Amino acid sequence: MSENERRDLPLGETGTAEDMDAVMRKYDRESATRIWEGTPRIVVGVISALFSLYCIWSTLWSTADLPIRLSAFLGLIVIMGYLNYPARKGHVTPNSIPWYDVVIMVLGAGSFFYYCFNYSRLVMVISSAAKIDPSNPDAVAGAWFYVILGAAGVLCLAELCRRCVGLPILCVVGALLAYTFASGLGLPRVIYTLFFGTSGVMATPIQVCAKFIAVFIVFGAFLERTGISGFFIDLANCAAGASSGGPAKVAVISSALCGMVSGSSVGNTVTTGSVTIPMMKRTGYQGEFAAAVEAAASTGGQIMPPIMGAAAFLMAEYMGVTYASVALKAILPALLYFTGIFLAVHLEARRLGLRGIPREQLPKLKGLIRSIYLLLPLAVLVGMVSTGARTLQFSAAVAIVLTILVSLPGIFLNSGTRHGGPLAVRAAKDLGRMIGSSLEAGGRGCITVAVACSMAGIVAGCITVTGLASKLVSAVVNVSRMIPNQSLAMFIALFLTMLCCIVLGMGVPTTANYCIMASTCAPILITLGIGKIPAHFFVFYFGIVADITPPVALAAYAGSAIARSNPMKTGVNATKLAIAAFIVPYIFAFNPAMLLVDTNPLQVVQIVITSLAGLFGVAAALNGTLFRRMNPLIRLLLAAGGLCMMFPDTLTDLVGLMAMGGACALEYLSAKKGRA
């Protein structure tokens, strides 16, 4: 947001909800939706709610062939997408949809529904496509009908992607399509591969989305309406609100917990930031720092086990491990990420001399204990997933039912404060509204993820059909042979991969970013000697931090809109706070013990202790204050020692301990001498 745009906003300590909505509509494509009112609003909401019910039914009970289920899923996504997203942001008239949007929606949805209802016949057509007699006009015309059908479906999805996801991923898709055609593949072959086969829009990403992600998005929508976000904020206040700079620590804890559920950096920033950012500013933090804390912590919610957002399901599929295994391996990196932010917040509070929230203003522990039942759906979900007793989708369905049950006390309590009919009737209406709004929000939440997954499938399809992946791997291997030091070659490959992830992730959902990087860069890293699990975690992490990395840092923009701060400075501060996310991936790439790969309990304990100590050194060096303001040489020594201790190796731990110990001792003695 420019200086002029911020000056145009009303004066005040923080931005209003209207200010937030205006900024998010400009910068976040998921927020730039059509405006429906009255009966059309009800109709569109019912369509989204029915879609959520379809996803639950399809994953649990449908016995139809996978292509039938996927084509129906995408057809419904196209309908909801064009009903919700206009062609241009800022040009929306209430209860209005242009005729051309209706035409595109009908063409796109019709293509997928035709596939769905004619799948058995299409199987034979596709299998005989290469044997069509060119001299037979009817056969040729029939073949071209299916080419046009597939092209219509792909182009409608691409246009929907432009509207709700953005141009960056379309640029990647366009470049790969151009390369595919330049490789000598004709239009019929490309369309048959990308639309009708399992290597295009219906590849692994959309399969995982339809099978797992959609149900978990619906579960997240239900969970948010139980009031669990408020419970997490109150819990964080009880734990850290009274300490030095307490509101910022509350933001770190609550955003980690809420982000685990929402899976959205921007959405989590808006949800918890509307409460925590004003508290931080009143305590004495600068607006840029307060917004950065919230943005960095909210972004980290996607790496917070056990939910970890949508990409974790794809990681399990690509790596060939269970979802529970992915969540387990993510524990230590997530711990380091949030500890790093927590330490930075504490040091900043000490530097500014900030106090916490008075205890009489904090929530009482007794009240929290009475609301602890809100955690039951999460606890049951984690238990079922970790034991592997039932499928992921069944576990999510059970968690949804439990979420409805735990919401009943709050519904009856709120209904009892109003008049107008018997309590049971009022509560039943409120429950129906809660279920309806949750299903509607879950359906809408699936649109962007599904469209991004379909585009990622096209990327994977182009790479597969052209053999580009093997060519890239061969090229990188040949280049690496020119570098005599293997570690240096690996570091260069990791650094270039990091840049690709961050650039592509600017404005692109984490899910799509991860799918593309898993198809292109991860195989290269594996070829260079990095394990499969560290390689996939590496691209996953750097896809996430794009949300707080300038110049396109959507989570930072959302936080700055609430704090009324400079967006670019907010992004820079958020990047500094999330420094662990830029360091930890390199560490587990060279030594996967941090991901609990090829290690033992003693090594894990050592890694935890030394890494936390190392994080303190890095955070103190970035803050510049320990016992007093540090000179640059001491800060450099402290940062180097911290980095050494974060690397899982006994020798580097000893070197780092000596460097950090020496730096801290010098600072302490100098500060003591200065006070004397």
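Residues numbered from 1 in each chain as written. Predicted model: local features only at pLDDT ≥ 70, side-chain atom pairs only at ≥ 80, totals over all residues. Heavy atoms only, no water.

1. Some words on the overall build of the protein chain
Along the backbone of the protein chain there are 31 helices and zero strands. Counting the 676 residues in the protein chain, one finds 54% classified as buried. Considering only contacts within the protein chain whose residues lie at least 6 apart along the sequence, 78% involve residues at least 24 apart. For the protein chain, the accessible area works out to roughly 27900 Å², and carbon and sulfur atoms hold 67% of it. (Helix = DSSP H or I, 4+ residues; strand = E, 2+ residues; numbered from the N terminus. Buried < 20%, exposed > 50% of the residue type's maximum accessible area, 1.4 Å probe, protein only. Contact = heavy atoms within 4.5 Å. Areas by Shrake-Rupley, 256 points an atom, 1.4 Å probe, with all protein chains shown as cover.)

2. Here we look at the confidence of the model for the protein chain
Mean pLDDT for the protein chain: 81, with 89% of residues reaching 70 or above. With pLDDT under 50 throughout, residues 1-15 is counted as low confidence; its partners more than four residues away or in other chains account for 31 contacts. Ignoring residues within four places in sequence, the model shows residues 129-141, a span with pLDDT below 50, making seven contacts including any to other chains. (pLDDT = per-residue confidence, 0-100.)

3. Quick notes on the nonpolar core
With 197 residues, the main nonpolar core has F73 and F537 as its most contacted residues. Ignoring sequence-local partners within four residues, the contact set of F537 consists of M315, M319, V326, K329, A330, F588 and L595. (Core = buried A, V, L, I, M, F, W, Y, C linked by side-chain atoms within 4.5 Å.)

4. Comments concerning the pattern of salt bridges
Under the definition given, this model contains eight salt bridges. In this structure, E159 and R163 form a salt bridge, with 2.7 Å as the shortest nitrogen-oxygen distance. Here the residue E159 and the residue R163 both occupy positions in helix α7 (residues 137-164), the gap between them amounting to four residues, near one helical turn. Residue R163 is classed as buried on the basis of its relative accessible area of 4%. Each of the salt bridges in this network shares a partner with another, and the network as a whole consists of R34, D101, E159, R162 and R163. (Salt bridge = Lys/Arg side-chain N within 4 Å of Asp/Glu carboxyl O.)

5. Some details on helix α14 (residues 287-299)
For α14, built from 13 residues, the straight-helix expectation of 18 Å at 1.5 Å per residue is met to within 8% by its first-to-last C-alpha distance of 18 Å. Along α14, 13 of the 13 residues are buried, which leaves the element largely enclosed by surrounding structure. (Expected span 1.5 Å × (residues − 1).)

6. Topic: helix α20 (residues 392-415)
Between its terminal C-alpha atoms α20 stretches 34 Å, which fits the 34 Å expected from 24 residues at 1.5 Å a residue. At L408, α20 shows its largest kink, close to 35°, and the proline P409 lies no more than four residues downstream. (Bend = angle between axes of the 7 residues up to and from the residue.)

7. Side note on the packing of aromatic side chains
For any two aromatic rings, the description comes down to two numbers: the centre-to-centre distance and the angle of the planes. One pass over the full model with this rule turns up 26 aromatic pairs. Ring geometry for F231 against F232: centres 6.1 Å apart, planes inclined by 55°, an arrangement best described as tilted. Across the pair, F232 and F231 agree in class, each one buried. Consider the rings of Y337 and F338, whose centres lie 5.2 Å apart with planes at 80°: the pair is edge-to-face. Look at Y337 and you get buried, because its relative accessible area is 2%. (Phe/Tyr/Trp six-rings, centres within 6.5 Å; stacked < 30°, edge-to-face > 60°.)

8. So, the packing of helix α13 (residues 265-283) against helix α26 (residues 554-563)
Interaxial distance between α13 and α26 falls to 9 Å at its minimum, and their mutual angle equals 35°. The handedness of the crossing between α13 and α26 comes out as right-handed. Where α13 abuts α26, its residues S265, V266, T269, V270, G273, S274, I277, P278 and K281 lie against L554, A555, A558, G559, I562 and A563. (Axes fitted to C-alpha atoms, helices over the stretch in contact; angles between N-to-C directions. Left-handed = near helix turned anticlockwise from the far one by under 90°.)

9. Describing the environment of P592
Note that P592 resides in the loop between α28 (579-590) and α29 (601-623). You can call P592 partly exposed: its relative accessible area is 23%. Separated by 263 residues in the primary sequence, P592 and K329 place their C-alpha atoms 9.8 Å from one another. Excluding anything up to four places from it in sequence, P592 contacts P534 and V597.

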